[in-house]
Amino acid sequence: MSNNLERVLHSNIYIQPAHFILAIATNILNIRTLSCRVLLSSSCTYYFLTYAIISITYTCLLCPIQFARGFSINWISGRITCKTHAYILFVLPLQANIMLMLASFHRYWTSSRIHRLHSASAVRIAKRNITLGSVFSIVYMSPMLFIYYWDDSSGKCLTNFHILISIYILSQVIIYYILSPSIMILFGILTIRNIRQRSSSAIFLVSLTQRRRIESQLTRMLIIQIVVHLILVLPFGIIYSINSTIPSTRTSNVIAVRLVFVALQQCDYFAIFFLYTLSARVYRQQLVRILISTTCLNAREWYHHC
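Calculation rules
- Residues numbered from 1 in each chain as written.
- Predicted model: local features only at pLDDT ≥ 70, side-chain atom pairs only at ≥ 80, totals over all residues.
- Heavy atoms only, no water.
- Helix = DSSP H or I, 4+ residues; strand = E, 2+ residues; numbered from the N terminus.
- Buried < 20%, exposed > 50% of the residue type's maximum accessible area, 1.4 Å probe, protein only.
- Contact = heavy atoms within 4.5 Å.
- Areas by Shrake-Rupley, 256 points an atom, 1.4 Å probe, with all protein chains shown as cover.
- Core = buried A, V, L, I, M, F, W, Y, C linked by side-chain atoms within 4.5 Å.
- Pairing = 2+ DSSP bridges.
- pLDDT = per-residue confidence, 0-100.
- Expected span 1.5 Å × (residues − 1).
- Bend = angle between axes of the 7 residues up to and from the residue.
- Axes fitted to C-alpha atoms, helices over the stretch in contact; angles between N-to-C directions.
- Parallel < 35°, antiparallel > 145°, perpendicular 65-115°, else oblique.
- Left-handed = near helix turned anticlockwise from the far one by under 90°.
- Nonpolar A, V, L, I, M, F, W, Y, C, P; charged D, E, K, R; others polar.
- Patch = residues over 30% accessible without salt bridge, like charges linked within 9 Å, V, L, I, M, F, W, Y side chains within 5 Å.
- Salt bridge = Lys/Arg side-chain N within 4 Å of Asp/Glu carboxyl O.
- UniProt positions renumbered as here; feature names shortened; annotations may be inferred.
- Phe/Tyr/Trp six-rings, centres within 6.5 Å; stacked < 30°, edge-to-face > 60°.

**A closer look at the overall build of the protein chain**
Looking only at helices and strands, the protein chain features 11 helices and 2 strands. When the helices and strands of the protein chain are listed from N to C terminus, the series reads α-α-α-α-α-α-β-β-α-α-α-α-α. Residues classed as buried in the protein chain amount to 48% of the 306 residues present. Taking contacts inside the protein chain between residues at least 6 apart in sequence as the whole, the part at least 24 apart equals 80%. As presented, the protein chain carries roughly 15900 Å² of accessible surface, and 69% of it is formed by carbon and sulfur atoms.

**A look at the nonpolar core**
Counting 63 residues, the largest nonpolar core has Phe-48, Met-99, Met-141, Met-144 and Tyr-283 as the members making the most contacts within it. Residues within four places of Tyr-283 in sequence aside, it is in contact with Leu-29, Asn-30, Thr-33, Leu-34, Leu-39, Met-221, Phe-273, Tyr-276 and Thr-277. Listed in part, the 5 residues of the second largest apolar core include Val-8, Leu-9, Ala-256 and Leu-259.

**Some words on the pairing of strand β1 (residues 148-151)**
Bridge count between β1 and strand β2 (residues 156-159): 4 bridges; the pairing is antiparallel. Counterpart to Asp-151 in the pairing with β2 is Lys-156. The loop that links β1 with its antiparallel partner β2 comprises 4 residues; one of these, Gly-155, has a positive phi angle of about 65 degrees.

**Points about the confidence of the model for the protein chain**
Here the protein chain averages 80 in pLDDT, while 85% of its residues score no lower than 70. With pLDDT under 50 throughout, residues 202-208 is counted as low confidence; its partners more than four residues away or in other chains account for 3 contacts. When the criterion is pLDDT under 50, residues 297-303 qualifies, and its contacts beyond four places in sequence or with other chains add up to 0 contacts.

**Observations regarding helix α3 (residues 44-69)**
Look at α3: 38 Å from first C-alpha to last across 26 residues, which is about the 38 Å you get at 1.5 Å a residue. In the structure, α3 departs most strongly from a straight axis at Thr-59, where the bend amounts to approximately 25 degrees. Burial analysis of α3 places 19 of its 26 residues in the buried class, the great majority of the element.

**Things to note about the packing of helix α1 (residues 3-34) against α3**
With their axes 9 Å apart at the nearest point, α1 and α3 run at an angle of 160 degrees to one another. On the basis of the axis angle, α1 is roughly antiparallel to α3. The interaxial crossing formed by α1 with α3 has left-handed handedness. Of the residues contributing to the contact of α1 with α3, the split by class is 17 nonpolar, 9 polar and 1 charged.

**Topic: a nonpolar patch on the surface**
On the surface, Phe-67, Phe-71, Ile-73 and Trp-75 cluster together to form a nonpolar patch covering roughly 400 Å² of accessible area. Topologically, Phe-71 is positioned in the loop between α3 and α4 (79-112). Overall, Phe-71 belongs to the partly exposed group, its relative accessible area being 45%.

**Looking at the environment of Ser-279**
Among the structural elements, Ser-279 can be located in helix α10 (residues 268-279). Separated by 57 residues in sequence, Ser-279 and Leu-222 have C-alpha atoms that sit 9.5 Å apart. Not counting residues up to four positions away in its chain, the partners in contact with Ser-279 are Arg-220, Met-221, Ile-224 and Arg-284.

**Examining the UniProt feature "transmembrane region" (unreviewed entry) in the protein chain**
Within the UniProt annotation, "transmembrane region" (unreviewed entry) is assigned to residues 13-34, 46-67, 87-109, 130-150, 162-190, 221-242 and 254-276. Here residues 46-67 is 100% helix and 0% strand, with 31 Å between the C-alpha atoms at its ends. Along residues 87-109 the backbone is 100% helical and 0% strand, and the end-to-end C-alpha distance reaches 32 Å.

**Re the packing of aromatic side chains**
Taken as a whole, this structure holds 10 aromatic pairs when the rule is applied. Between Phe-90 and Tyr-148, the ring centres sit 6.4 Å apart and the planes meet at 40 degrees, which makes this aromatic pair tilted. Here Phe-90, found in helix α4, pairs with Tyr-148, found in strand β1; they are 58 residues apart in sequence, far enough to count as distant. Residue classification places Phe-90 among the buried residues on the basis of a relative accessible area of 17%. Plain terms: the ring middles of Tyr-140 and Tyr-168 are 5.4 Å apart, the flat faces sit at 45 degrees to each other, and that makes the pair tilted. Of this pair, Tyr-140 sits in helix α5 (residues 119-140) while Tyr-168 is found in helix α7 (residues 163-199), placing the two residues 28 residues apart along the sequence. With respect to class, Tyr-140 is no different from Tyr-168; both count as buried. Among the aromatic side chains, those forming a connected cluster through ring pairs are Tyr-51, Tyr-58 and Tyr-269.

Printed below as a string of structure tokens:
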């Protein structure tokens with residue numbers, strides 16, 4: 001083990017608790033805020049909610065494992081844990097990525113048909129897409145249960161190398177790091193174009209003014225989240241692609257860099273709260289209302305007990 005790898009592992013003792021607290025706290029606030037009636041009227045909110053739930057699950061699994069590694073404690077030390085650890089920690093980011101991809105497409109679709117599509121219909125379609133996307137990611141990532149294996153001689157969780165495995169990993173790279181970002185960017189641009197075309201129209205329905213305003217702010221939230229998401233996850237994707245296709249690159253120093261990029265990718269699961277707060281007035285308003293109501297409730301309970 002190189003000194004760089006040791007330093008990175010040791011830094012997890014301090015980094016992972018911070019990641020854990022930030023991710024859990026911010027995503028709980030996200031779920032609470034997004035669950036208000038005003039935001040639930042939009043189909044896009046359901047993708048955000050699913051993303052927040054996935055973020056909490058991923059954080060609860062990854063942070064303790066990375067924290068323990070800082071004390072040279074390896075919880076992935078058996079045949080079953082080796083396979084399930086690899087599968088779960090790959091399927092959850094894929095699910096989160098699919099939610100953003102579906103949200104970008106669904107946002108474009110609803111923005112082009114907002115005068116014809118009832119909000120209830122859009123919500124039903126969003127729930128169906130979330131279910132189908134989750135099923136796809138679970139099935140698609142199932143080969144990960146067979147790619148990783150536990151090597152007793154080295155005491156490590158290693159990967160098998162075969163032409164079919166290389167093809168499958170290449171498909172992961174194409175879907176996650178090429179196709180998915182391209183779809184997000186494409187439909188993000190098309191959505192912006194649709195919104196500008198609607199805004200420049202001379203005819204408006206007064207009854208839809210507030211809904212249009214909320215939809216526009218949710219679209220801005222989505223686009224900003226996609227941009228930051230790509231910045232945070234692509235570095236790990238590049239080095240994962242290299243390690244998966246060229247086994248000789250899996251040196252201690254490269255693994256140290258890979259773990260740094262894992263920590264960078266983890267920031268994606270709590271940065272969204274600050275992005276939502278900064279980019280959407282409707283989100284800030286609902287968040288402030290929740291915080292004020294909670295504070296008042298606690299004050300009344302304290303006064304009652306006194």
